[in-house]
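The lines below spell out each chain.
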Amino acid sequence: MKIDNHAAWIEIDCAQFRQNLTLIRQYIGKETKLCLPVKANAYGHGLKELGPIAENLIDYFGISCLREGIALRHVNIKKPILLFGAIDEEQIEQAIIHDLDITLSSLYKAQLVHAKAASLNKKCLVQIEVETGMQRTGIRIDSLPELIDFVVQSPYLSLKGIYSHFATADQAEDSQTHVQLQRFDSIVKHYRPLFKDVIFHIANSGGMAYYPQSHYNMVRPGILVYGYLPCLSNPILSQIKPFFTLKARITFFKVVQANQGISYNHQYRTASQTRIVTIPIGYGDGYRRALSNKADVLIHGKRYPVAGIICMDQFMVDIGQDNAYVGDEVVLIGTQGTQTITLQEIADKCDTITYEILCGLNDRLVRKYLNS
Ligand SMILES: *Cc1c(COP(=O)(O)O)cnc(C)c1O
C-alpha cells in the first residue's frame, strides 16, 4: 500500500463528469456559455484534477478565492476564470497577474483595481455584480450606472460581464426568484444593446433547471453538474448523475458479547452477541459525528448501521451474524451491488445540505480518478 493511501478514499468517475457537462451543454444550447463553479475544491471532487478534464467542455470557471484561481492557472488552465465575491485589496495584484476576472461591487473597489492595473500597466478583466435580492455582494441597482461609467472609461479595466445571484431558485415557481429575474431583466434590456460583447448571467443550478428564461448569455450550475439536484422532470437533465463514491476498507473485526457498550460514552449497546467491524474514517476526514448511531454503510451490497459515536478517525459497524472481514470494501456514500446510500440521505441525517457534506470531505481522503 502506498504511503498516501489512507484506507478510506473517494472515487471520482471522470467519464460521468464529462457526461454531465455534455448533457448540460445539450440542454442550454450553443448560444449560451457554461461556467463551471469549482470553488471549495470543486465541491470536494478535486479542483486540480477536474479543471483540466472540464476545460474543453466549458467556457468559464467560477471560483471563490484567489488561491483557487492560481491553482487552476498552475495546472495550465487557459480558459477565463471568474472570481466570485469581493476581492481583498492586497490580492488585486495577483488576480490581475493571473488573468482572473475580478468581481466589482463598488466604485471604491473599482478605483483600487484601476490603480493597481495602471501601476502594473496591464488590463484587468472585470465583471460587475449587481444586487437583485441575495443581499450578499453586488452593487445596488441605483449605483450601477456610475460604476459602469467608471469601468468603461478606464483604459485599464475591461468589462467582461454583468451578473447577479439567485437566493431562492432551488424552488421552482418561487415568487422571490421572479422578483430577482425582473430586476435583472431590466438591467439586461438596458445594457445589452450598449455592450454587445458583455455577458449577462444570473442562473445557478436551480435557475438553470427551473427558470429557462434566466439563462441569458451564460449559466453557472454547480451542484447540478456534480449530480445533486433532484426531482428533475427534464429528460436531458434527469440523466445527470453523481460521479463520486466514498469508500473505505474494514481494518478490524471482532465478536462482541451481549450488553457491551461500543465507542465513546457507550451510547450503543449490543443486544446479543454480535460481530463488530471497524472502519478507518471519522469526523477528522469529514465523515460527520452527527452520523453517530444514525448512518448506514454498505458491505457486500447490504446495509448495516453505524454502532456508537463516530470518532475522529474511525467508527464501528454492527454486522450481526453476517460475515465481513479485514480488507473488505465498505461504501459510505454511493452504490454497492443493488443498494445505494445517497449523499442526500447522509446530509439529511446531519441536518444539512449536500453541499456542506461534499465540501467537508477533506484532503486526508485520497481522490482516485477513474476513466480520466
Ligand atoms: C456557488 C455559486 C454558484 C453555483 O451554485 P449552485 O447552487 O451549486 O448551482 C453560482 N454562482 C455563484 C456566484 C456562486 O457563488
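Quick note: structure is the one above.
Computed from a predicted model, the values in this text were never measured in an experiment.

Thoughts on the overall build of the protein chain
In step 1: When helices and strands are tallied, the protein chain shows eleven helices and 20 strands.
In step 2: Taken over 372 residues, the protein chain has a buried fraction of 52%.
In step 3: In the protein chain, of all internal contacts separated by at least 6 residues, the share reaching a separation of at least 24 is 65%.
In step 4: When the accessible surface of the protein chain is summed, it comes to about 16700 Å², and 50% of that surface belongs to carbon and sulfur atoms.
In step 5: Charged side chains of the protein chain number 38 positive and 36 negative; the gap between the two group centres comes to 4 Å.

Things to note about the side chain of D296
In step 1: Its location among the elements puts D296 in strand 15 (residues 296-299).
In step 2: Since its relative accessible area comes to 18%, D296 is described here as buried.
In step 3: Those residues in contact with D296, other than ones at most four positions away along the chain, are Y287, R303, Y304, P305, L332, I341 and K349.

Looking at the site of the ligand
In step 1: Taken together, 13 residues sit near the ligand, with K39, Y43, S205, I223 and Y355 positioned nearest.
In step 2: Here an oxygen atom of the ligand and a side-chain polar atom of Y355 are 2.6 Å apart.
In step 3: The protein chains hide 92% of the 390 Å² of surface that the ligand would expose on its own.
In step 4: Across the shell around the ligand, the residue classes break down as six nonpolar, four polar and three charged.

Structural notes on the sheet that holds strand 2 (residues 33-37)
In step 1: An order of 2-3-4-5-6-7-8-9 is seen for the eight strands of this closed barrel, with the pairing classed as parallel.
In step 2: As defined by bridge partners, strand 7 (residues 157-163) adjoins strand 8 (residues 199-203) across three bridges and the pair is classed as parallel. From the neighbouring strand, Y163 faces strand 8, where its bridge partner is H201.
In step 3: Contacts between helix 1 (residues 14-28) and the sheet are confined to strand 2 and strand 9 (218-219), with strand 2 contributing the most and set at about 145° to the helix.
In step 4: The strands touched by helix 6 (residues 107-120) within the sheet are strand 5 (100-104), strand 6 (124-129) and strand 7, with strand 5 carrying the most contacts at an inclination of about 150°.

Brief notes about the packing of helix 6 against helix 7 (residues 144-153)
In step 1: Running from amino to carboxyl end, helix 6 crosses helix 7 at an angle of 10°, the nearest separation of the two axes being 10 Å. One element, helix 6, and the other, helix 7, form an angle in the roughly parallel class. For the pair helix 6 and helix 7, contact is made by L107, A110, Q111 and H114 and by E146, L147 and F150, respectively.
In step 2: Here the residues of the contact of helix 6 with helix 7 are counted per class, giving four nonpolar, two polar and one charged.

Overview of the state of the cysteines
In step 1: Overall, the coordinates contain zero disulfides when judged by the stated rule.
In step 2: In this structure C65 is a free cysteine whose sulfur lies 12 Å from that of C359, the closest cysteine sulfur available.
In step 3: Its sulfur unpaired, C311 is 16 Å from the next cysteine sulfur, which belongs to C350.
In step 4: A residue is classified by how much of its surface remains accessible, and C311, at 14% relative accessible area, is buried.

Things to note about the side chain of E129
In step 1: When you line up the elements, E129 lands in strand 6.
In step 2: For the buried E129, which has no salt bridge, the nearest side chain bearing the opposite charge is R136, at an N-O separation of 5.5 Å.
In step 3: Polar contacts involving the side chain of E129 include one to the side chain of T137, which spans 2.6 Å.
In step 4: Sequence-distant contacts of E129, defined by excluding residues within four places in its chain, comprise T103, L104, S105, T137, G138, I139, Y163, S164 and H165.

A look at the environment of Q176
In step 1: Mapping Q176 onto the fold places it in helix 8 (residues 175-191).
In step 2: Counting along the chain gives ten residues from Q176 to F166, while the straight-line C-alpha distance between them is 9.0 Å.
In step 3: Not counting the four nearest positions on each side in its chain, Q176 is found in contact with T132, G133 and T168.

Calculation notes
- Residue numbers restart at each chain and count upward from 1, following the sequence in its written direction.
- In view of the model being predicted, local features appear only for residues whose pLDDT reaches at least 70, and side-chain atom pairs are presented and counted only at 80 or more, with totals across whole chains, interfaces and linings using the full set of residues.
- To get the side-chain values, all heavy atoms of the structure are used, and hydrogens and water are removed first.
- Comment: elements are numbered from the N terminus, with helices defined as DSSP H or I runs of at least four residues and strands as E runs of at least two.
- Only protein chains enter the accessibility calculation, which uses a 1.4 Å probe; a residue whose area is less than 20% of its type maximum is buried, one above 50% is exposed, and one in between is partly exposed.
- Here, two residues are considered to be in contact whenever any of their heavy atoms come within 4.5 Å of each other.
- Using the Shrake-Rupley algorithm and a 1.4 Å probe, accessible areas are obtained, with residue cover drawn only from the displayed protein chains.
- In this tally, Asp and Glu contribute negative charge and Lys and Arg positive charge; neither His nor the terminal groups of the chain are included.
- Charge coordinates come from a single atom per side chain, which is NZ of Lys, CZ of Arg, CG of Asp or CD of Glu.
- Near is defined per residue: the residue qualifies when any heavy atom it owns lies within 4 Å of the molecule or strand.
- Under this definition, polar contacts are N or O atom pairs within 3.5 Å; protein pairs additionally need one hydrogen-donor-capable and one acceptor-capable atom, and for neighbouring residues in sequence, both atoms have to be side-chain atoms.
- By the convention adopted, Pro, Cys, Tyr, Trp, Phe, Met, Ile, Leu, Val and Ala count as nonpolar, Lys, Arg, Asp and Glu as charged, and the other residues, Gly among them, as polar.
- Should DSSP find at least two bridges between two strands, the strands are regarded as paired.
- Helix axes are fitted to C-alpha atoms over the stretch in contact, other axes to C-alpha atoms as well, and angles between N-to-C directions run from 0 to 180 degrees.
- An angle below 35 degrees is treated as roughly parallel, one above 145 as roughly antiparallel, one from 65 to 115 as roughly perpendicular, and anything else as oblique.
- Disulfides are defined as pairs of cysteine sulfur atoms found within 2.5 Å of each other.
- Whenever a carboxyl oxygen of Asp or Glu lies within 4 Å of a side-chain nitrogen of Lys or Arg, that contact is scored as a salt bridge.

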